[in-house]
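Reading the structure
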Amino acid sequence: MQTLILRQDKPQLEDNAVEAVSKFCPDLQVLDLTKSFKLTDRSLYAIALGCCDLIKLNISGCSAFSDKALAYLASLCRKLKVLNLCGCVKAVSDTALQAIGHYCNELQFLNLGWCEQISDVGVMSLAYGCPDLRTLDLCGCVLITDESVIALANRCPHLRSLGLYYCKNITDRAMYSLAQSKVKNKMWGSVNGENDEDGLRTLNISQCTSLTPSAVQAVCDSFPALHTCSGRHSLIISGCLNLTSVHCACCARPHRAINAFPHSAH
Ligand SMILES: [Zn+2]
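In this report, the structure presented in the accompanying data block is examined. Just so you know, these numbers come straight off a predicted model, no measurement behind them. Chains are numbered independently. Their residues run from 1 in the order of the written sequence. Only residues with pLDDT of at least 70 get local features here, since the model is predicted, and only at 80 or more are side-chain atom pairs given and counted; chain-wide, interface and lining totals rely on the full set of residues. Note that water and hydrogens are dropped before the side-chain values are worked out from all heavy atoms of the structure.

Before going further, it helps to spend a moment on the pattern of salt bridges. By definition here, a salt bridge exists when the distance from a side-chain nitrogen of Lys or Arg to a carboxyl oxygen of Asp or Glu is within 4 Å. This model, assessed by the stated rule, comprises 8 salt bridges. For Lys-35, the salt bridge identified is with Asp-9, shortest N-O distance 4.0 Å. Taken together, the residues Lys-35 in the loop between strand S2 (30-32) and helix H2 (41-50) and Asp-9 in the loop between strand S1 (3-5) and helix H1 (15-24) connect sequence positions 26 residues apart. Buried, partly exposed and exposed residues are distinguished by accessible area as a fraction of the type maximum, computed with a 1.4 Å probe on protein chains only: under 20%, between the cut-offs, and over 50%, respectively. The exposure class assigned to Lys-35 is partly exposed, which follows from its relative accessible area of 36%. Segments assigned H or I by DSSP are reported as helices when at least four residues long, segments assigned E as strands when at least two residues long, and all are numbered from the N terminus.

A few words now on the side chain of His-227. Secondary-structure assignment places His-227 in the loop between helix H8 (213-222) and strand S9 (235-236). Assessed through its relative accessible area of 10%, His-227 is described here as buried. For His-227, the side chain forms a polar contact with the main-chain oxygen of Pro-224, separated by 3.4 Å. Polar contact is the term for a pair of N or O atoms within 3.5 Å; when the atoms are in protein, one must be able to donate a hydrogen and the other to accept it, and sequence-neighboring residues count only if both atoms are side-chain atoms.

This paragraph deals with the coordination of the zinc ion. Angles between donor atoms at a metal ideally measure 109.5 degrees for a four-coordinate tetrahedral arrangement and either 90 or 180 degrees for a six-coordinate octahedral one. Each metal's donors comprise the N, O and S atoms found within 2.8 Å of it (within 3.2 Å for Na, K or Ca). Water is not part of the atom list, so some coordination spheres may appear incomplete. Only His-227 (ND1), Cys-229 (SG), Cys-248 (SG) and Cys-250 (SG) from the protein reach the zinc ion as donors, at distances of 2.2 to 2.3 Å. Its 4 donor atoms give the zinc ion angles of 102 to 116° at the centre, a pattern that matches the tetrahedral case. Sequence positions of the donors to the zinc ion reduce to the motif H-x1-C-x18-C-x1-C. Here His-227 is found in the loop between H8 and S9, whereas its partner Cys-248 is found in the loop between S9 and helix H9 (249-252), with 21 residues between them in sequence. Like Cys-248, His-227 is buried. Angular criteria define each label, namely tetrahedral for four donors with all angles between 85 and 135 degrees, square planar for four and octahedral for six donors with opposite donors over 155 degrees apart and remaining angles between 65 and 115, and irregular for whatever fails these tests.

A few words now on the nonpolar core. Core analysis: the biggest nonpolar cluster contains 81 residues, and Leu-112, Leu-138, Leu-164, Met-175, Leu-203 and Ile-205 have the highest contact counts within it. Sorting the residues of this core by element identifies H1, H2, helix H3 (67-76), helix H4 (94-103), helix H5 (120-129), helix H6 (146-155), helix H7 (172-192) and H8 as the ones contributing at least two each. Per element, the largest residue contribution to this core is 5 residues, and it comes from H3. Only heavy atoms enter the contact rule, under which two residues are in contact if any of them lie within 4.5 Å. Among all residues touching Met-175, those that are not within four sequence positions of it are Leu-164, Ile-170, Leu-203, Ile-205, Leu-211, Ala-215, Val-216 and Val-219. Note on terminology: a nonpolar core comprises buried Ala, Val, Leu, Ile, Met, Phe, Trp, Tyr and Cys residues joined through side-chain atoms within 4.5 Å.

The sheet built from 9 strands is open, its strands ordered S1-S2-S3-S4-S5-S6-S7-S8-S9 with parallel pairing. The sheet terminates laterally at S1 and S9, the two strands that pair on one side only. The rule for pairing is simple: two strands pair if DSSP sees at least two bridges between them.

All right, on to the side chain of Thr-228 then. Within the secondary structure, Thr-228 is located in the loop between H8 and S9. Separated by 3.0 Å, the side chain of Thr-228 and the backbone nitrogen of Cys-248 make a polar contact. Among residues more than four places away in sequence, those in contact with Thr-228 are His-233, Leu-235, Ile-237, Val-246, His-247, Cys-248 and Cys-251.

This next bit is on the packing of H1 against H2. Angular values range over 0 to 180 degrees, each being the angle between N-to-C directions of two axes fitted as lines to C-alpha atoms, with helices fitted over their stretch in contact. Look at H1 against H2: their axes get within 8 Å of each other, and the N-to-C directions meet at 0°. By the angle class used here, H1 and H2 are roughly parallel. Facing Asp-15, Asn-16, Val-18, Glu-19 and Ser-22 of H1, the residues of H2 in contact are Arg-42, Ser-43, Ala-46, Ile-47 and Gly-50. Each residue is assigned to one class: nonpolar for Ala, Val, Leu, Ile, Met, Phe, Trp, Tyr, Cys and Pro, charged for Asp, Glu, Lys and Arg, and polar for all the others, Gly among them. Looking at side-chain class alone, the contact of H1 with H2 contains 3 nonpolar, 4 polar and 3 charged residues. Angles below 35 degrees are treated as roughly parallel, those above 145 as roughly antiparallel, those between 65 and 115 as roughly perpendicular, and all remaining angles as oblique.

The subject of this paragraph is the packing of aromatic side chains. Here is the rule: rings of Phe, Tyr and Trp (six-membered ring for Trp) pair when centre to centre is within 6.5 Å. Planes less than 30 degrees apart are stacked, more than 60 are edge-to-face, and the remainder are tilted. Within the structure shown, the criterion is met by 4 aromatic pairs. Consider the rings of Trp-114 and Tyr-166, whose centres lie 6.4 Å apart with planes at 45°: the pair is tilted. Residue Trp-114 is located in the loop between strand S5 (109-111) and H5, and its partner Tyr-166 is located in the loop between strand S7 (161-163) and H7; the two are separated by 52 residues in the primary sequence. In textbook terms, an aromatic cluster arises when at least three aromatic residues are bridged by ring pairs, as seen for Trp-114, Tyr-165 and Tyr-166. Just above the ring of Tyr-166 sits the side chain of Lys-168; from NZ or CZ to the centre is 4.5 Å. Any Lys NZ or Arg CZ found within 6 Å of a ring centre and within 35 degrees of that ring's normal is scored as a charge over the ring.

Shown next as structure tokens:
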């Protein structure tokens, strides 16, 4: 067996079951334990020891795990590409992120939503250790600052989706570092044959109340895939009342957009 989905709405799963799975399914590559509140560190240790080939692990909402157990899992499950830790408030500490950055160098997707105790120390370890990162959700990680975003912009050229919802310490410096990282990608792309579609495709900066329109417009202009227009909200700025003047190319130059895409006109 390679895939096991045990996500639950009414948490019933207990450690014994996960221990049995990890004992008898050494080839498991995909494991989803979403909202298994009853599980303790015993389950994480069992998975770490029994399922070293895991590529995708979802333990979002499993609030009882500790950061020691998560760090241990990271040290043994080094093939992880997709890791969902949304709401694992106790487990996701800077120490745990340092372990992930050190061992899980192939990571591409990481959800750290509402893991409020992490700081720049942890996110910078990720940026330096996981150069293949494509999707990172830091929504509600209230302690992180521009340093985290600057490290990601400089170290993760494949980053396509970044969630910074409610990261109130983020300022224009972070936006300009993202905007400039596009330049870097272009130079990189010319060497490796990557195309112009590279760069951010989704950015959520809702409730980042320190940002100014000119910095956010610079990001929007750098990444053609970022849109503010209706139906294509890939640059998400809801709740930022001072950013209402920021627009994607199709909003700023409607005539040009209609000429370019006649079928998308009203
Ligand atoms: Zn648009």
